[in-house]
Amino acid sequence: MSKNTRKKPSVAAWSGRFSEPVSELVQRYTGSVTFDKRLAEHDIRGSLAHAHMLAACGVISKRDVAAIESGMRTILAEVRSGKFKWSIAAEDVHLNIERRLTALVGDAGKRLHTARSRNDQVATDVRLWLRDAIDALGLQLAALQSSLVGLAERHAGTVMPGFTHLQVAQPVTFGHHLMAYFEMFARDRERLADCRRRVNRLPLGAAALAGTSYPIDRAMVAEELGFDGVCENSLDAVSDRDFAIEFCAAAALVMTHISRLSEELVLWMSPRYRFIRLPDRFCTGSSIMPQKKNPDVPELARGKTGRVTGHLMALLMLMKSQPLAYNKDNQEDKEPLFDSVDTLADTLAIFTDMVAGVEVDERAMRAAAAEGFSTATDLADYLVKKGLPFRDAHEAVARAVRAAEARGCDLPELGLAELRRFSPLVGTDVFKVLTLEGSLASRNHVGGTAPARVRAAVKRARKALK
Ligand code: ARG
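Caption draft 1: Focus on the overall build of the protein. Summing up its helical and strand segments, the protein has 20 helices and 6 strands in all. What you see for the protein is a C-alpha radius of gyration of 31 Å, clearly larger than the 23 Å of a compact globule of 466 residues, by over 25%. Summarising its shape, the C-alpha atoms of the protein cover approximately 100 × 55 × 40 Å along the three principal directions. A buried classification covers 48% of the 466 residues belonging to the protein. Contacts in the protein between residues at least 24 apart in sequence constitute 73% of all its contacts with a sequence separation of at least 6. Total accessible area computed for the protein in this model is approximately 22900 Å², and 54% of it derives from carbon and sulfur atoms. Of the charged side chains in the protein, 65 are positive and 57 negative; the average position of the first set lies 2 Å away from that of the second.

Caption draft 2: Focus on the pattern of salt bridges. Under the defined criterion, the tally for this structure stands at 28 salt bridges. Notably, a salt bridge pairs Asp194 with Arg197, separated by 3.0 Å at the nearest N-O pair. Of the two residues, Asp194 and Arg197 are both situated in helix H8 (residues 174-199); the distance of 3 residues between them amounts to about one turn of the helix. The partner of Arg198 in a salt bridge is Glu246, and the shortest N-O contact between them spans 2.5 Å. Within this pair, whereas Arg198 is found in helix H8, its partner Glu246 is found in helix H11 (residues 242-269), the two being separated by 48 residues in sequence.

Caption draft 3: Spatial organisation of the packing of aromatic side chains. Under the counting rule described, the total for this entry stands at 6 aromatic pairs. Here the aromatic rings of Phe174 and Trp268 are separated by 5.4 Å at their centres, their planes lie at 75°, and the arrangement is edge-to-face. Taken together, the residues span a long stretch of sequence, with Phe174 in helix H8 and Trp268 in helix H11 at a distance of 94 residues. For the pair formed by Phe174 and Trp268, the shared burial category is buried. What links up through ring pairs into an aromatic cluster is the set Phe163, Tyr273 and Phe275.

Caption draft 4: Looking closely at the side chain of Thr173. Assignment of secondary structure puts Thr173 in strand S2 (residues 167-173). Classification of Thr173 as buried rests on a relative accessible area of 0%. Not counting the four nearest positions on each side in its chain, Thr173 is found in contact with His155, Ala156, Gly157, Thr158, Met160, Leu440, Thr449, Pro451 and Val454.

Caption draft 5: Seen up close, the site of the ligand. In the vicinity of the ligand, the contacting residues are Ser32, Asp36, Asp92, His94, Arg118, Asn119, Val122, Tyr326, Gln331 and Lys334. The contact in question runs from a nitrogen atom of the ligand to an N or O atom on the side chain of Ser32, over 3.3 Å. In this structure, an oxygen atom belonging to the ligand sits 2.6 Å away from a side-chain N or O atom of Lys334. Here the ligand has 340 Å² of accessible area as a free molecule, and 86% of this is covered by the chains. Per-element accounting of the shell around the ligand gives the leading share, 3 residues, to helix H7 (residues 118-154). Residues of the shell around the ligand, tallied by class, amount to 2 nonpolar, 4 polar and 4 charged.

Caption draft 6: Local environment of the nonpolar core. Core analysis: the biggest nonpolar cluster contains 98 residues, and Ile68, Met72, Leu130, Phe247, Ile276 and Phe351 have the highest contact counts within it. The contacts of Met72, once residues within four sequence positions are left out, are Ile44, Ser47, Leu48, Ile97, Leu101 and Leu112. Counting residues in each nonpolar core, the second largest holds 21 residues, with Tyr382, Ala396, Val401 and Val430 among its members.

Caption draft 7: Spotlight on the packing of H7 against H11. The N-to-C vectors of H7 and H11 enclose an angle of 20°; their axes lie 12 Å apart at closest approach. Regarding the angle of H7 to H11, the classification is roughly parallel. H11 is crossed by H7, and the crossing has left-handed handedness. Of the residues in H11, those touching H7 at Val126, Arg127, Leu130, Ile134, Leu137, Leu141 and Leu144 are Phe243, Ala244, Phe247, Val254 and Ile258.

Caption draft 8: Structural view of the side chain of His177. Following the sequence through the fold, His177 ends up in helix H8. Polar side-chain contacts of His177 include one of 2.6 Å to the side chain of Glu264.

Caption draft 9: Spatial organisation of the packing of helix H4 (residues 62-81) against helix H5 (residues 93-105). Between H4 and H5, the shortest axis-to-axis distance is 9 Å and the interhelical angle comes to 120°. Between H4 and H5, the angle is such that the two are oblique. In this structure, the crossing between H4 and H5 has a hand that is right-handed. In contact with Ala67, Ile68, Ser70, Gly71, Met72, Thr74, Ile75 and Glu78 of H4, H5 contributes Ile97, Arg100, Leu101, Leu104 and Val105. In the contact of H4 with H5, the residues fall into 8 nonpolar, 3 polar and 2 charged.

Caption draft 10: Focus on a nonpolar patch on the surface. On the surface, Leu209, Leu235 and Leu324 cluster together into a nonpolar patch covering about 270 Å² of accessible area. Summarising the element assignment, Leu235 is placed in helix H10 (residues 234-239).

Thresholds, definitions, all that
Residues numbered from 1 in each chain as written. Predicted model: local features only at pLDDT ≥ 70, side-chain atom pairs only at ≥ 80, totals over all residues. Heavy atoms only, no water. Helix = DSSP H or I, 4+ residues; strand = E, 2+ residues; numbered from the N terminus. Rg over C-alpha atoms; globule rule 2.2 N^0.38 Å. Buried < 20%, exposed > 50% of the residue type's maximum accessible area, 1.4 Å probe, protein only. Contact = heavy atoms within 4.5 Å. Areas by Shrake-Rupley, 256 points an atom, 1.4 Å probe, with all protein chains shown as cover. Lys, Arg positive; Asp, Glu negative; His and termini not counted. Charge placed at Lys NZ, Arg CZ, Asp CG, Glu CD. Salt bridge = Lys/Arg side-chain N within 4 Å of Asp/Glu carboxyl O. Phe/Tyr/Trp six-rings, centres within 6.5 Å; stacked < 30°, edge-to-face > 60°. Near = heavy atom within 4 Å. Polar contact = N/O pair within 3.5 Å; in protein donor to acceptor, adjacent residues only side chain to side chain. Nonpolar A, V, L, I, M, F, W, Y, C, P; charged D, E, K, R; others polar. Core = buried A, V, L, I, M, F, W, Y, C linked by side-chain atoms within 4.5 Å. Axes fitted to C-alpha atoms, helices over the stretch in contact; angles between N-to-C directions. Parallel < 35°, antiparallel > 145°, perpendicular 65-115°, else oblique. Left-handed = near helix turned anticlockwise from the far one by under 90°. Patch = residues over 30% accessible without salt bridge, like charges linked within 9 Å, V, L, I, M, F, W, Y side chains within 5 Å.

Structure, rendered in structure tokens:
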């Protein structure tokens, strides 16, 4: 027999039913305290609310509650100072705390679990924990949005090429481009807030699965813990983790947006673009190539998007086909959920700082916008305004572009006489629309790229962030 599977006496809370203890390996396999101990503070809050309710309903005495409160104060201090002795033999965070409580206060500790099961307890803990995490992430998203707004304001009039298919399409302002991300993160915040409404329901009272025969007051517990209401069906309350899945879906979308921004930062930093510089503190060098400065942070964020999306898949697969009600499968919800929150929190903090530190090479951006005939649409629109049907204008400009390409110059450099060969409607005023500034200024409507519109969007954003 291997060392891992050797029998060891167990002190499990449920050991009364069993004729032999579990092996060390099984203990390690089924135990969750190594990772669910981070629910400790929320577990204690939930237990105190439960104890208060039990006393109010006459199920336990006031003396018991006082003892539980004082024991929990000690435990909380031990947890916070790192002195609490977590034991895998006690399986999970709930039984570790209960065991310590009983050691501290005796029978009152043993009465705490009346009218409760770890099934409704753990569901409550995770919801409380996730609610706090969502609130913190919401603030972090807003901070990242602020960074974007600051950079957008500084570059409301900075010209860059806008791309479709990664080919130069039309000139845009860098500020406008950044504000696109502001919008994405605004929707992400909405999604988190919406998810929070469904997270914020109390499972306690469902007990193991069927409810409890004690005269409990679930609304009182919900109120003390700040829940908006109770889960209405006990079987559903202990078994579904859809709220965590929903959160991970929202988190995966945030990371997806981050990964798009990351990809752009990586491209823009490449010498082929040279649009931006990232502060050195977000880059690393190469151990062999002395000249290298690599955008490791955005690359890693791009990679971590796969990790968070993987957690979403893991939770979906975890839930799939589980019969009602609680199954131990659900213990596997925690690591993906915790890691999604941690990864997102770190990523958002880093990006908030990094975006604020982006330095822009305006000349390189402008030069790139001047290449690739980015004002061709403006020339077509100009001809339409002079009376030519759009399809004919498109055709005329396409021929002009071919001529310019053959000559290796941009459209305005063809000169008036040459441009008139493609349409006699071209007049001297054409050069106004062929400039980058003219093109930008003309897109002056809500959602457009004109510098004036970017400044207005920045103003709206600042107000929304307050
Ligand atoms: N550690 C368990 C979990 O995370 C707590 C609930 C255990 N319930 C049970 N009946 N074994 O899901």
